[in-house]
Each structure stands twice: as C-alpha cells, then as structure tokens.
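Analysis of the macromolecular model
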Amino acid sequence: MSRTVVITGANSGIGRAAAREFAGRGDRLVLAARSPATLAEVRDECRAAGGDVLVVPVDVTAPGALAALADAAEAEFGAIDAWMHTAAVMTYGRRPGPRRRI
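Attention here is on the structure that accompanies the text. (Residues numbered from 1 in each chain as written. Predicted model: local features only at pLDDT ≥ 70, side-chain atom pairs only at ≥ 80, totals over all residues. Heavy atoms only, no water.)

1. A closer look at the sheet that holds strand β3 (residues 52-57)
So the rule is basically this: Here a strand pair is declared whenever DSSP counts at least two bridges between the two strands. Runs of E in the DSSP output that reach at least two residues are strands. Runs of H or I that reach at least four are helices, and both are numbered from the N terminus. Between the N-to-C directions of two axes lies an angle of 0 to 180 degrees, each axis being a line fitted to C-alpha atoms and, for a helix, fitted only over the stretch in contact. In this description, contact between two residues means that some pair of their heavy atoms is separated by no more than 4.5 Å.
Pairing is parallel across the open sheet formed by 4 strands, whose spatial order is β3-β2-β1-β4. Each edge of the sheet is formed by a strand with only one pairing partner; in this case those strands are β3 and β4 (82-85). Shown here is a sheet whose adjacent strand axes are inclined to one another by a mean of 15 degrees, direction ignored. Here 6 bridges tie strand β2 (residues 28-33) to β3, and the two strands are oriented parallel to one another. Its bridge partner being in β3, leucine 31 is matched across the sheet by valine 55. Packing of helix α2 (residues 36-48) onto the sheet brings it into contact with β2 and β3, and relative to β3 it is tilted by some 170 degrees.

Right under this line is the structure:
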C-alpha cells in the first residue's frame, strides 16, 4: 500500500536520503525545501526509484508556509499519511573558552 509522505528539508542530508528510501517503496512524496534547483534533482532521483513526486519550494519559517504545504499535498494526493520535518541547519565544534588541564 502506498502512502503520502511530506518531507521538509528534502534537498539534502537525512531528508534527501529518506525521500529516496520512501520512493523506493513506491510512496507518494511531497518534497519541500527552499532551493527549487536542488529539489528538482531530488525529484528526479525519487522518480527514478519509483516514487510519485510533488515538489513544493518553501521556506518553512514563513508565516503560513506549512499550512500551504499541507494544502498542496492534500490537493495533489489526498490525505497525508506521514510528515517528516528535517528542515534544519546543524553545526558541530568545540565549545569556545579556556581549556582546562587535567
């Protein structure tokens, strides 16, 4: 049975990897991120893997953006079965400050 899955942050990292996995299962995907060009690449990857894909360029921090995304998903595929929110920026590094010697 095919599901409808909305993925924000679908253009890279965990979002992109998840999109390819869901596509390989034959799920219907609604891919959202800020970059239309990168979303087009992910769309093509997912279609090649067997997924039916709708691309929605969106900035999730904009007022009303998530509601509009949900409306687009429901208009295209009906009910939403899963929503994966991976739109984020992560950085890793050392904590600034003096070093203690032990």
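Let's pick the thread back up.
2. A look at the environment of serine 12
Using the following cut-off: Only protein chains enter the accessibility calculation, which uses a 1.4 Å probe; a residue is then buried when its area is under 20% of its type maximum, exposed when over 50%, and partly exposed in between.
When you line up the elements, serine 12 lands in the loop between β1 (4-8) and α1 (13-24). A relative accessible area of 42% places serine 12 in the partly exposed class. On a C-alpha basis, the gap between serine 12 and threonine 86 in space is 9.3 Å, while along the polypeptide they are 74 residues apart.

3. As for the environment of valine 6
Mapped onto the fold, valine 6 is located in strand β1. Put simply, valine 6 and alanine 70 are 64 residues apart on the chain and 8.1 Å apart in space, counted from C-alpha to C-alpha. In this view, valine 6 contacts Val30, Leu69, Ala73, Ile80, Ala82, Trp83 and Met84; residues no more than four positions away in its chain are not counted.

4. Remarks on the pattern of salt bridges
The condition that has to hold: Note on definitions: salt bridges are taken to be side-chain nitrogens of Lys or Arg within 4 Å of carboxyl oxygens of Asp or Glu.
The tally for this structure, following the rule as stated, stands at 5 salt bridges. Residue arginine 20 is joined to glutamate 45 by a salt bridge in which the shortest nitrogen-to-oxygen separation is 3.1 Å. One end of the pair, arginine 20, is in helix α1; the other, glutamate 45, is in helix α2, with 25 residues separating them in the sequence. Accessibility expressed as a relative area gives 38% for arginine 20, which makes it partly exposed. On the basis of relative accessible area, glutamate 45 is assigned to the partly exposed category, the value being 29%. Residue arginine 43 is joined to aspartate 44 by a salt bridge in which the shortest nitrogen-to-oxygen separation is 3.1 Å. Residue classification places aspartate 44 among the partly exposed positions, given a relative accessible area of 43%. Taken together, the salt bridges that share partners define one network made up of Arg16, Arg20, Glu41 and Glu45.

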